[in-house]
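# Fold and geometry: a report
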Amino acid sequence: MKPTLFVLAAGMGSRYGGLKQLDSLGPNGETIMDYSIYDAIQSGFGKVVFVIRKDFEQEFRDKIISKYEGHVPVEVVFQSTDALPKGFECPADRTKPWGTNHAVLMGKSVINEPFAVINADDFYGRDAFRVIAEELSRPRDKKGDYCMVGFRVGNTMTENGSVARGVCENKNGLLTSVVERTAISYNPAHEIVFTDENGVEQKLEPSTPVSMNLWGFTPDYFDYSEREFVKFLKKDINTPKAEFFIPLCIDTLINSGEATVKVLDTDSKWFGVTYAADRPGVVAKFAQLHADGTYPDKLF
């Protein structure tokens, strides 16, 4: 059974200044998603599922989904703040989405095979899709047998502001912890730093593995996520900016012994458009990738 690619595309892109998921960045109007889906198909993925906001469904279908017809089966699911388990009601002042793992939960009704989760606005590189497709295609005989692609933090930075990354530790190739750090940036000495929970600045070595939300799961992950989301809501439903991140759920499952997460190595380098100032550099990189033959003139 070929794995499915699950694309998280429900974010507003507030720091970037628009719906960056739909921004034309390639020389022929390609979006970052186009490159990810092209690479995923080349690597053996058999279906693509998008999670989006209902209010830009038509634009998304017209500009994005229509081009994939005849290339790969596509399905769409929707993330909204009121998509909550029975017994919970969205607070009136809640405007922020519930986070990446809530977005993943929206795929439960349409995904019945191993699947990889990606961000719509991140370029991961073909090798990253190759290694995770291989891992997801192997037989499994137990629940909680997951994986992730680890990127070196030094290969994921922008000069134009701070970034959020899941900082990872692993032992014998298995993830032991992942902590979401929401403001990693360069200091004046061009060292990579973040501020911890106690307000203390901490340095990260450039080789430190981080999650770029390229995760590999099997469908049992939905059941675990539902359980953990209920726990999250009981604690934080009235905290307006609290989010149910994938690393939060993963860390819980690792610590409980219910899951193992294999850390996959890749020589791919990430890039993306976290900020509007990142855009010219990304456009130039895509132009070069076409010029050197990594990608054909027309992806689809």
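Keep in mind that this is a model prediction, so the values were computed, not measured.

Basis of the calculations
- Residues numbered from 1 in each chain as written.
- Predicted model: local features only at pLDDT ≥ 70, side-chain atom pairs only at ≥ 80, totals over all residues.
- Heavy atoms only, no water.
- 1 Å grid on protein atoms, 1.4 Å probe; cavity = no way out; pocket = protein on both sides within 12 Å on 5 of 7 lines; lining within 4 Å.
- Points joined across faces, edges and corners; volume = space filled by probe spheres on them.
- Helix = DSSP H or I, 4+ residues; strand = E, 2+ residues; numbered from the N terminus.
- Nonpolar A, V, L, I, M, F, W, Y, C, P; charged D, E, K, R; others polar.
- Expected span 1.5 Å × (residues − 1).
- Buried < 20%, exposed > 50% of the residue type's maximum accessible area, 1.4 Å probe, protein only.
- Arc of directions from axis to C-beta.

### Focus on the layout of surface pockets
Each pocket or cavity is described by its volume, and for the second largest pocket that value is around 320 Å³. Together, 18 residues line the second largest pocket, and Met157, Thr158, Trp270, Phe271 and Lys285 are the ones closest to its centre. At the level of elements, strand 13 (271-272) and helix 7 (279-291) are the ones that each hand at least two residues to the lining of the second largest pocket. Here the lining of the second largest pocket gets three residues from one element, more than from any other, and that element is helix 7. Its residues placed into classes, the lining of the second largest pocket shows six nonpolar, eight polar and four charged.

### Concerning helix 7
Helix length check: helix 7, at 13 residues, gives a terminal C-alpha distance of 18 Å against a target of 18 Å (1.5 Å per residue), a fit within 8%. Where helix 7 is concerned, the buried positions are Val282, Phe286, Leu289 and His290. Down the axis of helix 7, the buried side of the element spans an arc of 100°, and every buried residue falls inside it. In helix 7, the exposed positions that point more than 90 degrees away from the buried face belong to Pro280 and Ala291. Where helix 7 ends, the next residue or the one after it, glycine 293, has phi of about 90°, a positive value.

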